[in-house]
Structures are given as structure tokens and as C-alpha cells.
Amino acid sequence: MATVALHLWSGLRRLTGGAEVVEVNAETVGEALDALCAAHPGLAPLIQGGVSVVIDGDMTASRHHPVTPENEIFLM
């Protein structure tokens, strides 16, 4: 699995100790979100409630969408 960087909206940062970017190992959006919740369990209710995922400027709703280290990934 590749290491991808997730850029977090300010409302999510309070649950990651203020981290603006969190790196996780993932090949899909779903794996990235699951890894983020595993690393920061306090985020799980917000992630499960639904967050917007934007990859390289395009919003995706698919947990199966592939991600790579080259992607710019934002959670809002």
C-alpha cells in the first residue's frame, strides 16, 4: 500500500491534535478513511456521518476511488 496525505478541514483538526495533514497507507478512498479513523478514533463519528472527499479538485463519493501519493486529497 502507498502512503497518501490527507489534508483536513479545520473542523476535523481538533480531533487529530491540530494536524493539518495526516499520512495513511491506502489504495482507495475507503481504505484511507478507515486508516484515518484507526489512527484518530475520535474522527470516526464524523467520518461515518459523511465527509466530502476532494481529490485533485474533484469531489468523489466512492469509497472505491483509487488514491496515490501523487493525489492532493482534502477532507471537508
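Just so we're clear, the structure is a prediction, and the values are computed from it rather than from any experiment. (Residues numbered from 1 in each chain as written. Predicted model: local features only at pLDDT ≥ 70, side-chain atom pairs only at ≥ 80, totals over all residues. Heavy atoms only, no water.)

1. Some words on the overall build of the chain
The test is simple: Helix and strand assignments follow DSSP, with helices taken as H or I runs no shorter than four residues and strands as E runs no shorter than two, numbered in order from the N terminus. A radius of gyration in this sense is built from C-alpha atoms; the matching globule rule multiplies 2.2 Å by the number of residues raised to 0.38. Under the scheme applied here, a residue whose accessible area is under 20% of the maximum for its type counts as buried, over 50% as exposed, and between as partly exposed, the area being computed with a 1.4 Å probe on protein chains only. Residues count as neighbours in contact if any of their non-hydrogen atoms are within 4.5 Å of one another. Every accessible area reported is derived by Shrake-Rupley at a probe size of 1.4 Å, with residue values counting cover from the shown protein chains alone.
Within the chain one finds three helices and five strands. Each helix and strand of the chain, placed in order from N terminus to C terminus, yields the pattern β-α-β-α-α-β-β-β. Computed over the C-alpha atoms, the radius of gyration of the chain is 11 Å, within 12% of the 11 Å expected from 2.2 N^0.38 for a compact globule of 76 residues. Burial status across the chain gives 37% buried among its 76 residues. For the chain, restricting intrachain contacts to residue pairs at least 6 apart in sequence, the fraction spanning at least 24 positions comes to 49%. As displayed, the chain has an accessible area near 4,300 Å², and 53% of this comes from carbon and sulfur atoms.

2. Examining the pattern of salt bridges
Operational definition: The salt bridge definition used is simple: a Lys or Arg side-chain nitrogen within 4 Å of an Asp or Glu carboxyl oxygen.
On inspection of all chains with the given rule, the structure shows one salt bridge. Its salt-bridge partner being R63, residue D34 comes within 2.9 Å of it at the nearest N-O pair. With D34 in helix α2 (residues 29-39) and R63 in the loop between β4 (58-60) and β5 (73-75), this pair connects stretches of sequence that are 29 residues apart. Judged by relative accessible area, which is 44%, D34 ranks as partly exposed.

3. So, unusual backbone geometry
Backbone geometry at D56 places phi at a positive 50 degrees, although glycine is not the residue there. In this fold, D56 is placed in the loop between β3 (53-55) and β4.

4. Some details on the sheet that holds β3
In plain terms, the rule: The pairing criterion for strands is at least two bridges between them, as found by DSSP. Lines fitted to C-alpha atoms define the axes, with helix axes restricted to the stretch in contact, and inter-axis angles between N-to-C directions lie between 0 and 180 degrees.
Overall, mixed pairing links the five strands, which are arranged β2-β1-β5-β3-β4 in an open sheet. Unpaired on one side and paired on the other, β2 (21-26) and β4 mark the two borders of the sheet. This sheet shows a mean twist of 35 degrees between the axes of neighbouring strands, independent of strand direction. The strands touched by α2 within the sheet are β1 (2-8), β2, β3, β4 and β5, with β2 carrying the most contacts at an inclination of about 120 degrees.

5. With respect to the environment of S62
One can find S62 in the loop between β4 and β5. Classification of S62 as partly exposed rests on a relative accessible area of 30%. Remark: the alpha-carbon pair of S62 and T16, spanning 46 residues in sequence, is separated by 24 Å.

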